[in-house]
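Overview (structure and organization)
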Amino acid sequence: MNLPRLVIAAPASGHGKTTVATGLMAALSAAGHTVSGHKVGPDYIDPGYHALATGKPGRNLDPHLVGEDRLVPLLLAGARYADIAIIEGVMGLYDGQIGGDGFASTAHVATVTRTPVVLVVDISHASRSIAAVVQGMVAFDPIVRIVGVILNKAGSQRHADEVCRALESTGVPVLGVLQRDDGIVAPSRHLGLVPADERDDAAHALDRLSAQIAAKIDLAHIVSLAREAPPLDATPWDPSLEVARPPTASLSSCKPLVAIAGGRAFTFRYTETEELLRAAGCDVVTFDPLGDLTLPEGTAGIYLGGGFPEVHASALTANGPLRDSLRAAIAAGIPTVAECAGLLYLCRTVDGSPMIGAIDADAVMTSKLTLSYRQAVAPRETMLSPAGGRITGHEFHRTTVTPAAGSDPTWLIDGVPVGFSTPTLHASYLHTHWAGHPAVAQRFANAVHAWVPNHVEAASSPRTTLKSTGAPPPGTTVASGNPLRHHGDVEAAPGLVDFAVNVFDGERPDWLSKALASSLDIAHLYPESRTAETAIAKRHGRTPNDVLATAGAAEAFGLIARLRNWKRPVVVHPQFTEPDVALAAAGHTVEHVLCDESAGFRLDPDDVPTDADLVFAGNPTNPTSILHTEATLRRLVQPGRILVVDEAFMDSVPAENHSLAAARLPGLIVIRSLTKLWAIPGVRAGYVLAEPALIGELRDKQAPWSVSATAAAAMVACTSDEAAAEAALRADQTTQHRKVLVDGLEALGLSPIGPATAPFVLVKAGTGVHQRLRDAGYAVRRADTFPGLGPEWIRIAVRKTDVTHRLLSTLASFA
C-alpha cells in the first residue's frame, strides 16, 4: 500500500517535536490534505493534539505495547482515507526502552514502518555545532533515513543563516526555520503537557500555530519527501478480526452498553479500545465524571481510563450523585476496568478528598515520577486474564496507593503483587493497549455480555428518543398543513413589524448588489457553479472537490435524504424542521433526539443512538440559539455514520467559533447558507462541505443547473476578503443588538435560553403571547411547531435597537 508519510523526530526531548508535528498536521490539513496523526510510544496527551489538528483520532505506535508485527497494520488502519501520515517521535531519535538497545525508540518504529525522518532541532544555544549533531544523527544508524531538518528557536536571521551554512556540508536540507518567539507551546503540568481537552484555547492556539508553520516551513517539500516513502506490504489492522461477539450474546436483543469515563478528568485512553469493544458487540458511550449525575442508562460495563483525577479531585468529590451511582454499579457486579486514574477514582480518597470508595485504599500525590514500561503476569485468573497470563504495559504517575494491592491482586510485576481485583473488577496502575492484547478486550466484552441478560432490559430510553409523527406537541393548534413546514416567513404578514424572520436587517452592501445585478448579463447562458465552489473552498481552507454549491440549504437537505437507504435517521431537536420534511418525503421514518430544557437545550452526544447512520444537528441551533461546542459535535462522528451539521447561522457568530466548516472528517457534512447574514433569501444560495467522495455522491443526486447564475455570483461575492470584513462587522452588530434584546427580556422577568449566539432568541413567554403580540402589530415566530416545544415558547429575531425597545415596551404592557 502506498502511504506518504514522515516521522518527526529530534536529538532529545524538549526540541519542539510536538509543536512542529502538530503544527504540520494542522497546516497540511488546512492546505487540503487528509492527514492522520500518530505518536511513537505510549503517550496519551500528544495524540489529543493530533486529533484536534487532523480531525481524526490520534493513534499510538509502540512495539512494547502492541508488538513489532502490529506497527504497520495499526499505522495503515489509522491512516485509512488519509493522503499523508505524520508520525511524531518520542524522546531522542535513538532513545528507547532502557537496556533494550533502542527497542521502542523512534528510530526503531521508523525502521519497521520504513518511514523517512525529519529532525526538529532546537538551535537556541548553538550555531555551527548543530551541523555536527545532525551529522552524528545521520551517521549513527545508516538504516534510518534522515531526509530533512527543521530549525527551531532561532535567535535571529543571522543566527539561522549561520546554522544553515554549516548544515550544507551534511547534505540534509533545511525545510524551515522557526524563530524563538514563533513557537506556541502548550502549558505543562506534572505529567507533561496539559491535554487538549482541558484547554479552552486549544483550537485557537492551534490555528495560530498552523499559520506560523505554513509560513515558515516548506510544506510542498514536506509532502514531496513524504511521497518518497516506500510502499508497505501489510493489511490494515481490523478489530473485527481480533475479537468477536460471544455466542451467548444472541440471548440479548440489544448491544450491551459500556460507559467510558471522559471529560477533562479522564482523557487517557487508546482509540483502539473502543473499536475493539464495538467489534465485540458492545455499544460504547462516554460519560463525564465532573458533570454527569448518573451513569448512562443501561450501563452494563464501565471503563475508567487514565487522566488527572488528582487535579480535579475537589470537583470529582463534589459530584456525589455520580460517585454513589458508580459505587452502587460496582457493588452490583457491573464489570469494571480501571487503569491508573481510574484506580485513584475507585479509592476511598485522593489527597484526602473523598472518592468512590469501591477499593479499600487511599491515594496521595508524591514528588516521584513513576515512568516505565512493564511486563506483568496474572497470579490467578481475573476478569481480564487467565492465571499465568502475560501482558505488556506502562506506568505513568506521581501518586502512590496504600495498600498497593488487595487480597486478590491483578498482576505480579517483577514478582511484586499490584492492583485490586474481584470477579467483576480489575483495577491497577498498569496502562495497557488492547490492540496488542485483544484477548483482554474479548474477556471484558464477554463479561459485559454475560451481565446483560440478567440485569438489563433490551429497550430504548423514552427520554432520549421519540418517533416523529409530524404532529406538534399535545395541546397546540395548527391552522392547516404539516406543522414541520411552518416557517417564519409565514408569520411576517404585511403591516406587522417583523421579528419572525431571521435575516440581518441592515442594508445590502453595494458590492453584493452589483454582483447580483451583473449576474443578469450572463442569464442567457446555462449556469456553472465551479467558480463559486472554488471561491468557497478558498474561504474555508479546503479544496474545490470538498464543495457542492446548492440552491439554498433546503436543496442540500433533500439531496442528503435521497443519498442512501438510511436505516436509522435521527434529527436532534428542537431545530430547523426541513431535514424532517426532506427525510419523510424520501420515504424515511425519522427519529428525534430531544434536547432537555433543564440542560439549556444543549446536546448530549450520549443521547444519540449509537446505531444511527444519519444524524442532523444545527449549530448554532434554530430556534434555541445554542452553540454546541466543536468537541461535542466531534463526538457524534463515528464509522458508518453521516453527521450533518447545519451551520446556516454560523456566520453570525464572531470568529465562527466551534464551526466544523474546515474539519475534514470522514462522514461529516457541513451545510451553509448565505440567506441570513446577507439578507438574500430570494436568491437561494447555499453550499455543502464534505470529503470529496461524499460530495461526488451528492452531486450525482443533484439536478443539472439547480444553482442559478445569480446564486453563484452571490457565493463568489460573499466569500471574498471584502465580504469577510463586512461579515465580522455584521456579527459584532448582531451581538450588540442581541444583548439589548436579552437584557430587556430579562428585565421583564423573561429569561431567554442562553447564552444565545444566533440572530434570534428563544423565550418561554407564556401561552397566548404570540397572538397578543400579533394583535399589537408584531410578528414573532411561534415555536410550537418545533418538536419538543409547546405554545408557551416564541422565537424573537434580533433587530435594531429602536425597534427592539418598542417590542419590549409592548411586552411590558402585557404584565
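Report follows, based on the coordinates. These figures come from a predicted structure and were not determined experimentally.

Within the protein, the secondary structure is distributed over 26 helices and 33 strands. In terms of C-alpha radius of gyration, the protein reaches 28 Å, essentially the compact-globule figure of 28 Å for 815 residues. Seen through its principal axes, the protein has C-alpha atoms that stretch 85 × 70 × 45 Å. Sequence-distant contacts, at least 24 apart, represent 76% of the contacts inside the protein between residues at least 6 apart. Split by element, the accessible area of the protein, about 31,400 Å² in all, is 54% carbon and sulfur. Of note, the protein has its 68 positive side-chain charges centred 2 Å away from the centre of its 83 negative side-chain charges.

In this section: the nonpolar core. Within the largest apolar cluster, 115 residues are counted, with the highest numbers of intra-cluster contacts made by Leu93, Leu119, Tyr345, Leu346, Val401, Trp434 and Phe444. Contacts of tyrosine 345, omitting those with residues within four sequence positions, involve Phe266, Pro289, Leu304, Leu316, Leu322, Arg323, Leu326, Met355 and Ile356. Membership of the second largest hydrophobic core comes to 53 residues, among which are Ala515, Ala537, Val547 and Leu643.

This part takes up the packing of aromatic side chains. Overall, the coordinates contain 13 aromatic pairs when judged by the stated rule. For the ring pair tyrosine 94 and phenylalanine 140, a centre distance of 4.6 Å and an interplane angle of 50° mean the geometry is tilted. A residue pair is termed long-range when its members are at least 10 positions apart, and tyrosine 94 in the loop between β4 (84–88) and α5 (106–112) and phenylalanine 140 in helix α6 (residues 129–140) qualify at 46 residues. For the pair phenylalanine 499 and tyrosine 778, a centre-to-centre distance of 6.2 Å together with 50° between the ring planes defines the contact as tilted. Placement of the pair is phenylalanine 499 in strand β23 (residues 497–499) and tyrosine 778 in strand β32 (residues 778–782), with a sequence separation of 279 residues. In this structure an aromatic cluster arises from ring pairing among Tyr44, Phe268 and Tyr270. Looking at arginine 772, its charged tip hangs above the ring of phenylalanine 814, at a distance of 4.2 Å from the centre. If you follow arginine 795 out to its NZ or CZ, it ends over the ring of phenylalanine 760, 5.5 Å from the centre.

Within the open sheet, the seven strands sit side by side as β3-β2-β4-β1-β5-β6-β7. Their pairing is parallel. If you trace the sheet from one side to the other, it starts and ends with β3 (59–61) and β7 (174–179), each paired once. Averaged over neighbouring strand pairs, the angle between their axes works out to 25° when direction is ignored. Bridge analysis of strand β1 (residues 5–9) against β4 gives four bridges, and the strand direction is parallel. Bridge pairing in β4 places valine 7 opposite isoleucine 87.

Helix length check: helix α26 (residues 801–813) (13 residues) gives 19 Å between terminal C-alpha atoms against 18 Å at 1.5 Å per residue, within 8%. For α26, the full list of buried residues reads Val803, Thr804, Leu807, Leu808, Thr810 and Leu811. The buried side chains of α26 occupy one side of the element, clustering within an arc of 160° when seen end-on. Against the buried residues of α26 lie β23, α24 (721–747), α25 (769–775), β32 and β33 (793–797).

Now for the packing of helix α1 (residues 17–30) against helix α2 (residues 45–54). Where α1 meets α2, the axes come as close as 8 Å, and the angle between the chain directions of the two elements is 20°. On the basis of the axis angle, α1 is roughly parallel to α2. In the packing of α1 onto α2, the handedness of the crossing is right-handed. Of α2, the residues touching α1 (which contributes Thr18, Thr22, Met25, Ala26 and Ser29) are Asp46, Tyr49, His50, Ala53 and Thr54. Residue composition of the contact of α1 with α2, grouped by class: four nonpolar, five polar and one charged.

Reading guide: rules and limits
- Residues numbered from 1 in each chain as written.
- Predicted model: local features only at pLDDT ≥ 70, side-chain atom pairs only at ≥ 80, totals over all residues.
- Heavy atoms only, no water.
- Helix = DSSP H or I, 4+ residues; strand = E, 2+ residues; numbered from the N terminus.
- Rg over C-alpha atoms; globule rule 2.2 N^0.38 Å.
- Contact = heavy atoms within 4.5 Å.
- Areas by Shrake-Rupley, 256 points an atom, 1.4 Å probe, with all protein chains shown as cover.
- Lys, Arg positive; Asp, Glu negative; His and termini not counted.
- Charge placed at Lys NZ, Arg CZ, Asp CG, Glu CD.
- Core = buried A, V, L, I, M, F, W, Y, C linked by side-chain atoms within 4.5 Å.
- Buried < 20%, exposed > 50% of the residue type's maximum accessible area, 1.4 Å probe, protein only.
- Phe/Tyr/Trp six-rings, centres within 6.5 Å; stacked < 30°, edge-to-face > 60°.
- Lys NZ or Arg CZ within 6 Å of the ring centre and 35° of its normal.
- Pairing = 2+ DSSP bridges.
- Axes fitted to C-alpha atoms, helices over the stretch in contact; angles between N-to-C directions.
- Expected span 1.5 Å × (residues − 1).
- Arc of directions from axis to C-beta.
- Parallel < 35°, antiparallel > 145°, perpendicular 65-115°, else oblique.
- Left-handed = near helix turned anticlockwise from the far one by under 90°.
- Nonpolar A, V, L, I, M, F, W, Y, C, P; charged D, E, K, R; others polar.

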